[in-house]
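Spelled out, the chains give:
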Amino acid sequence: MDPVDEQLPVPPPFMWACDDCAELLDALAETVTADAGCFTEQMAIARHIVEEHPDAVPESHTTGCGQCPHYAARSDGDPRGVWAQHRARDLFLPASVARLL
C-alpha cells in the first residue's frame, strides 16, 4: 500500500475548535508516532464525534466500503451507534484504515 494513503488526514475545522476532539486527536497522533497500537484512541474519537457532533457524521459510503452494506442490512438499526462511529472514522483516519471496522 502507498504510504501516502496511510497518512492521517487533516481533520475538519470543527474538530480543532472542540477541546475534547483536539485532545483526542493529540492522543491518536502520539500513539501513531510511537508506532503503538491506536485502536482505543480511534474508537474514543469516533464515539465522541457520534455523541457530541452527530451532525458532522458523514453519510454512508456509497462505494469502496464492504462494511456499510452490512450495517445497512441490520434489522435492529444502529442501537449503539457503531455504524455512525464507522462513518465518523473517515474524518480523522485514512479510508484504508477507517473502513476496516
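A quick note: this is a predicted structure, and the numbers were derived from the prediction, not measured.

Caption draft 1: Layout of the overall build of the protein. Summing up its helical and strand segments, the protein has six helices and zero strands in all. Along the protein, helices (α) and strands (β) appear in the sequence α-α-α-α-α-α when read from the amino end. In terms of overall size, the protein behaves like a compact globule, its C-alpha atoms giving a radius of gyration of 13 Å where 101 residues would be expected to give roughly 13 Å. Per-residue burial for the protein yields a buried fraction of 35% across its 101 residues. Across the protein, the fraction of contacts at a sequence separation of at least 24, relative to all contacts at a separation of at least 6, is 63%. Accessible surface, the protein: about 6,200 Å² in total, of which carbon and sulfur atoms supply 53%. Averaging the coordinates of the 6 positive side-chain charges in the protein and doing the same for the 17 negative ones gives two points 11 Å apart.

Caption draft 2: Highlighting helix α3 (residues 39-52). The end-to-end C-alpha distance of α3, which contains 14 residues, comes to 20 Å, matching closely the 20 Å that a straight helix rising 1.5 Å per residue would cover. Buried residues along α3 sit in contact with α1 (13-17), α2 (19-33), α5 (82-88) and α6 (95-98).

Caption draft 3: How the structure looks around the side chain of Q85. Position of Q85 among the secondary structure elements: in helix α5. Judged by its relative accessible area of 9%, Q85 falls in the buried class. With sequence-adjacent residues up to four places away left out, Q85 is seen in contact with M43, A46, R47, V50 and R80.

Caption draft 4: Main features of the nonpolar core. Counting 17 residues, the largest nonpolar core has M15, L28, I45, I49 and F92 as its most contacted members. For this core, the elements supplying multiple residues, two or more each, are α2, α3 and α5. The greatest single-element share of this core, amounting to four residues, is contributed by α3. Leaving out residues up to four positions away in the same chain, I45 has contacts with M15, L24, L25, L28 and F92.

Caption draft 5: Summary view of the pattern of salt bridges. As enumerated under the stated definition, the model contains one salt bridge in all. Among the salt bridges present, the one from D90 reaches R99, with a minimum N-O distance of 3.4 Å.

Caption draft 6: Seen up close, the environment of E59. Mapped onto the fold, E59 is located in the loop between α3 and α4 (68-72). C-alpha of E59 to C-alpha of A88: the two residues are 29 residues apart in sequence and 9.1 Å apart in space.

Caption draft 7: Representation of the environment of V82. Topologically, V82 is positioned in helix α5. Distance from V82 to M43, taken between C-alpha atoms, is 9.9 Å for residues 39 residues apart in sequence.

Caption draft 8: Molecular detail of the confidence of the model for the protein. Scored by pLDDT, the protein comes out at a mean of 86, with 93% of its residues at no less than 70. Averaged pLDDT values for the elements of the protein fall to 84 in α6 and rise to 95 in α1. Throughout residues 1-5 the model reports pLDDT below 50, and contacts reaching past four residues in sequence, or to other chains, amount to four contacts.

Caption draft 9: Here's a closer look at α2. Relative to the 21 Å expected for 15 residues at 1.5 Å per residue, α2 spans 21 Å between its end C-alpha atoms, a close match to the ideal helical length. Those residues of α2 that sit buried are C21, A22, L25, L28 and T31. Contacts made by the buried residues of α2 are with α1 and α3. Trailing α2 by a residue or two, D35 shows a phi angle of about 55°, which is positive.

Procedures and definitions
- Once a new chain begins, its residue numbering starts again from 1 and follows that chain's sequence as written.
- Selection of residues for local features in this predicted model requires a pLDDT of at least 70, selection of side-chain atom pairs for listing and counting requires 80 or more, and totals for whole chains, interfaces and linings are taken over all residues.
- Side-chain calculation: all heavy atoms of the structure are included, whereas hydrogens and water are not.
- A run of H or I in DSSP counts as a helix once it spans at least four residues, and a run of E counts as a strand once it spans at least two, with each numbered from the N terminus.
- Atoms counted for the radius of gyration: C-alpha only. Globule rule: 2.2 Å times the number of residues to the power 0.38.
- The cut-offs for exposure are 20% and 50% of the maximum accessible area for each residue type, with area from a 1.4 Å probe on protein chains only; residues under the lower value are buried, those over the upper are exposed, and the others partly exposed.
- Note on contacts: a residue pair is in contact if any heavy atoms of the two residues lie within 4.5 Å.
- Using the Shrake-Rupley algorithm and a 1.4 Å probe, accessible areas are obtained, with residue cover drawn only from the displayed protein chains.
- In summary, the charge assignment counts Lys and Arg as positive and Asp and Glu as negative, without counting His or the chain termini.
- Where a charge lies is defined by one atom per residue type: Lys uses NZ, Arg uses CZ, Asp uses CG and Glu uses CD.
- One less than the residue count of a helix, multiplied by 1.5 Å, gives the span that helix is expected to have.
- Residues grouped as a nonpolar core are buried Ala, Val, Leu, Ile, Met, Phe, Trp, Tyr and Cys residues, joined through side-chain atoms within 4.5 Å.
- Salt bridge criterion: a side-chain nitrogen from Lys or Arg within 4 Å of a carboxyl oxygen from Asp or Glu.
- On a range of 0 to 100, pLDDT expresses the predictor's confidence in each residue.

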